[in-house]
Each structure stands twice: as C-alpha cells, then as structure tokens.
Amino acid sequence: MISDAPSTTQNTSEHMVLHVQIVARQRPALAAAVALHNRPMLHCALMANTDDIYENDATTYDDLVRYEDCNGHLLPALKQAISETTSTPLHNATAIELGAGTGRVTKLLAPHVKRVHAFDIAIPMLRVAKRALADHAQRCTFTAADNAHLPLAPATADIAIAGWSYGHQTVWHPTAWRGPIAAAVDGMLRVPRPGGVA
C-alpha cells in the first residue's frame, strides 16, 4: 500500500506527493489532495470531507499525517515547552490529548510520560491509535469524547495538548465556529492541575 518513512536520500516533498497520489487513487474522497503539493494545503483538502475520512479512512489518514513532522521537530519542541511551563518532570507527568486522532502525537509522548489519555470524537481513529500504541498499553487510554465534554474531573493532568482539532471547528461550523472553539478551550483549561500546562 503506502511505504514506510522516506529514505534519507529521497526528497521528502516528492515522497509526500507520491503518497498522496497513491492514496487518492485508492480512495476517491482524497482525490482533491493530489492537486495540492504542500503539507498545509494537503491538510485543508483532507478536511473537506472529514466525516467520511475519519469514519472510513482512518488508516489512510494515519499514513498521510505521519509525514507532517518528517524532520522530527515536534517532540523536542513539546519537551521544551512542557519543561519551561510545568513543575512536573515529564517522566512523572499525566498527559491529556484532545483530538488525538490516530495517535500521531500520542506516539511521540507515550514513551516519555507516566500516563497519556487520548480523546477523539471518531472511534475509528482511536482504534488505529490503540493498535499503533499497543507497546504502551499500560500507560495509554483511548476514549471517544468531544473536546468540550471530556469525561474528566478538573485538575486531573499535568499536561493538556491539542493539535488540529480546534481548526476543524471552522470547517464543521463555518459561520459559528467561535462558540465550539471557546467551549473546547474551556474544557482543555479545566484539566491541568495547579502547576500544570495546557
């Protein structure tokens, strides 16, 4: 289907375009992505039909997003931001991830934290994440929940993170996105303990 990470000798942007073309042939819902040859625009194209993609193409979506941080900058940036803003050492931290999707960021954090709770509204996406993180099953949980209605008591984590899911609100609610984003941010901000970070 789609090959693993690009080789060190292969041009990453060409590799990404090739993957998009392969996936688009296999899944017509992603065909619009073929015309877009850079990562930010690729994600916008994928968002055009997120319900179908998240419910029916979670594995394909995971194959695409694994290249978003192909240079490996995200984990060091997260570690630095967390160490500068929370009093809890990373290896003792409980992390909450909102909009975890297929676990791309969860996979980065899991080896470095005590526990990570991953939430997403799309159950098929969480199934892919759970399979991918089987080696970390003792420290990871996966729960279907909307960002604004997390099934957590306040002050239950040291770290709360979210990625693309806030931006999705502008697609799902094009004329009324401020309310859903505000509710999701409020939900996220109630999770950290004193000294924690969101």
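Up top you'll find the structure we're talking about.
Summary of the structure given here. (Residues numbered from 1 in each chain as written. Predicted model: local features only at pLDDT ≥ 70, side-chain atom pairs only at ≥ 80, totals over all residues. Heavy atoms only, no water.)

Along the chain, Asp158 turns up in strand 4 (residues 157-162). Take Asp158: its relative accessible area is 7%, and that puts it in the buried class. Of the polar contacts made by the side chain of Asp158, one reaches the backbone nitrogen of Thr94; its length is 2.8 Å. Once residues within four sequence positions are removed from consideration, Asp158 is found in contact with Thr86, Thr88, Asn92, Ala93, Thr94, Arg193, Gly196 and Val197. (Helix = DSSP H or I, 4+ residues; strand = E, 2+ residues; numbered from the N terminus. Buried < 20%, exposed > 50% of the residue type's maximum accessible area, 1.4 Å probe, protein only. Polar contact = N/O pair within 3.5 Å; in protein donor to acceptor, adjacent residues only side chain to side chain. Contact = heavy atoms within 4.5 Å.)

Quick look at the nonpolar core now. Ranked by internal contacts, the top residues of the largest apolar core, which has 20 residues, are Ile82, Leu109, Val116, Cys140, Phe142 and Ile159. Contributing elements (two or more residues each) for this core: helix 5 (74-85), helix 6 (104-109), strand 2 (115-120), helix 7 (123-132), strand 3 (140-144) and strand 4. Counting residues in hydrophobic clusters, the runner-up holds 12 residues, among them Leu98, Leu150, Ala157 and Tyr166. (Core = buried A, V, L, I, M, F, W, Y, C linked by side-chain atoms within 4.5 Å.)

Turning to a nonpolar patch on the surface, a few remarks are in order. Together, Ile121, Val171 and Trp172 give the surface a local cluster of nonpolar side chains, amounting to about 260 Å² of exposed area. With a relative accessible area of 32%, Trp172 lands in the partly exposed category. (Patch = residues over 30% accessible without salt bridge, like charges linked within 9 Å, V, L, I, M, F, W, Y side chains within 5 Å. Areas by Shrake-Rupley, 256 points an atom, 1.4 Å probe, with all protein chains shown as cover. Salt bridge = Lys/Arg side-chain N within 4 Å of Asp/Glu carboxyl O.)

Mapped onto the secondary structure, Pro180 falls in helix 9 (residues 178-189). Overall, the relative accessible area of 24% leaves Pro180 in the partly exposed class. Taking the C-alpha atoms as reference points, Pro180 and Ala148, 32 residues apart in sequence, are found 7.5 Å from one another. In contact with Pro180, not counting residues within four places along its chain, are Gln169 and His173.

Within the open sheet, the five strands sit side by side as 3-2-1-4-5. Their pairing is parallel. The strands lining the two open edges of the sheet, one partner per strand, are strand 3 and strand 5 (192-197). Going across the sheet, the axis of each strand differs from the next one's by a mean of 25°, ignoring polarity. Sheet strands touched by helix 9: strand 1 (94-98), strand 4 and strand 5. Its angle to strand 4, the strand with the most contacts, is close to 155°. (Pairing = 2+ DSSP bridges. Axes fitted to C-alpha atoms, helices over the stretch in contact; angles between N-to-C directions.)

Before going further, it helps to spend a moment on the environment of Lys79. Tracing the chain through its elements places Lys79 in helix 5. It is 8.9 Å that separates the C-alpha atoms of Lys79 and Leu109, two residues lying 30 residues apart in sequence. Contacts of Lys79, omitting those with residues within four sequence positions, involve Leu90 and His112.

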